[in-house]
Structure formats: C-alpha cells, structure tokens
Amino acid sequence: MNAISFRSLGLGLALAGSLALAGCGQDAAPQSTFVLLDGSSQTTQSLQGKVTLINFWATSCTTCVAEMPEIVATYDKFKGKGYETVAVAMQYDPPSYVVNFAETRKLPFKVAIDNTGAVAQAWGDVKLTPTTFVVNKKGEIVKRYVGAPNFDELHKLIEKLLAEA
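Residues numbered from 1 in each chain as written. Predicted model: local features only at pLDDT ≥ 70, side-chain atom pairs only at ≥ 80, totals over all residues. Heavy atoms only, no water.

Caption draft 1: Seen up close, the state of the cysteines. Enumeration over the complete set of coordinates arrives at 1 disulfide. At a sulfur-sulfur separation of 2.3 Å, the disulfide partner of C61 is C64. Because the torsion about its S-S bond is 80°, the bridge between C61 and C64 counts as right-handed. No difference in accessibility class separates C61 from C64, as the two residues are buried. (Disulfide = S-S within 2.5 Å. Buried < 20%, exposed > 50% of the residue type's maximum accessible area, 1.4 Å probe, protein only.)

This is the structure:
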C-alpha cells in the first residue's frame, strides 16, 4: 500500500470514528414527525417527558428481526413508567411488509413508516439497520446503537434515565 492509500484509509477511519460518536452526547433529538401505521402521527416534541427508544429497522434486516423480541420485552418492562418506543421502518421497506410484520408479531408499540426518508435523514442520515437511539425526558439523544444493542446495558440506561427528574 502506498502513502496515499494509507492517508485515505486513515481519513476513512477518522470519518467512521466521528460518525460512530455522532449522537452520543446530549444532542437534541431532531424535530421529526413519525407517520404511524394507523395513519396518525407522532412528533419528537410530543415524546418529551418520556424516555424514548427510536429504532430504525427493516423487515429485510435479519438483525432487526432477531432483536425485535428483545425490543418488545424492553417495552413491556418499562411501558408503565414513562417509557415509549417508536419503531421506524426504512423508506425502502414495502409498507405491506411492515404492516404484516407488526400485526403477525403483535408489536405493542408505535410503528412508523418513513415513506420519504426524511426521518432517517433528520436523525443523522441513518442508512444502516438496526440503528437505535435512546432519548431522555428532555428530548436529548443520550445513546446511539448501530447494530443490536446490549440489552442488559440498555435496560440499565433506561432505568437511570427514568429515575432522572
């Protein structure tokens, strides 16, 4: 490999590192409107005061499908304590597949379809699934997972955030 290739690789790794860290501070969650399967909508503004998990996923993503029972279990564990989940299906996911998945798996939380890709764009141009954000009661992103989260760690974080004023 020549010096130019190493520099390119270094720049690529630096960019990847900075992208991996994006959204890990106390950045405000972007103002977005989630169009839910029932046709209603939910905004990030309306979620303030709750600890919220925003999960970008697709029915064609094997990791997404595999983690969904854990996301359901997490929702069931914390739902009565000021916790909300919004599962956002990616723009390329056929709406009929999303509806079928949500109905057959009896997903108990809000499921949205990002028809235009605007929601994924607003949340840092999400392209990889699953990508999951944890938002605190103040509407700040406190954690971003690319790939399936460590659910024990996630539960500890949710408990900590629910305990905050």
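Right, picking up where we left off after that structure.
Caption draft 2: A look at the pairing of strand β4 (residues 51–57). With 7 of its 7 residues buried, β4 lies for the most part within the structure. Of the two faces of β4, the one lined by V51, L53, N55 and W57 and the one lined by T52, I54 and F56 are each fully buried. Relative to strand β5 (residues 83–89), β4 is paired through 7 bridges, and the arrangement is parallel. Looking at β5, one finds that F56 is bridged to V88. Read as a crossover between parallel neighbours, the route from β4 over helix α2 (residues 62–78) to β5 is right-handed. Relative to strand β7 (residues 131–135), β4 runs antiparallel, the two sharing 5 bridges. Bridged to N55 within β7 is T132. (Helix = DSSP H or I, 4+ residues; strand = E, 2+ residues; numbered from the N terminus. Pairing = 2+ DSSP bridges. Right-handed = clockwise from strand over helix to strand, strands pointing away.)

Caption draft 3: Just the pairing of β5, in detail. Burial runs high along β5: 7 of the 7 residues are buried. Burial of the side chains of β5 extends over both faces: Y83, T85, A87 and A89 are buried on one face and E84, V86 and V88 on the other. Sheet analysis places β5 next to strand β6 (residues 110–113), joined by 4 bridges and oriented parallel. For A89, the partnering residue across the bridge sits in β6 and is I113. In this fold, the crossover linking β5 to β6 by way of helix α3 (residues 95–104) has right-handed handedness.

Caption draft 4: Broad picture of the packing of aromatic side chains. Taken as a whole, this structure holds 6 aromatic pairs when the rule is applied. For the pair W123 and F133, a centre-to-centre distance of 5.0 Å together with 55° between the ring planes defines the contact as tilted. One end of the pair, W123, is in the loop between α4 (118–122) and β7; the other, F133, is in strand β7, with 10 residues separating them in the sequence. Taken individually, W123 and F133 each receive the classification buried, so the pair is uniform in this respect. Taken together, the aromatic side chains of F56, W123 and F133 make up a single cluster linked through ring pairs. Seen from the ring of Y145, K143 lies directly overhead, with NZ or CZ sitting 5.3 Å from the centre. (Phe/Tyr/Trp six-rings, centres within 6.5 Å; stacked < 30°, edge-to-face > 60°. Lys NZ or Arg CZ within 6 Å of the ring centre and 35° of its normal.)

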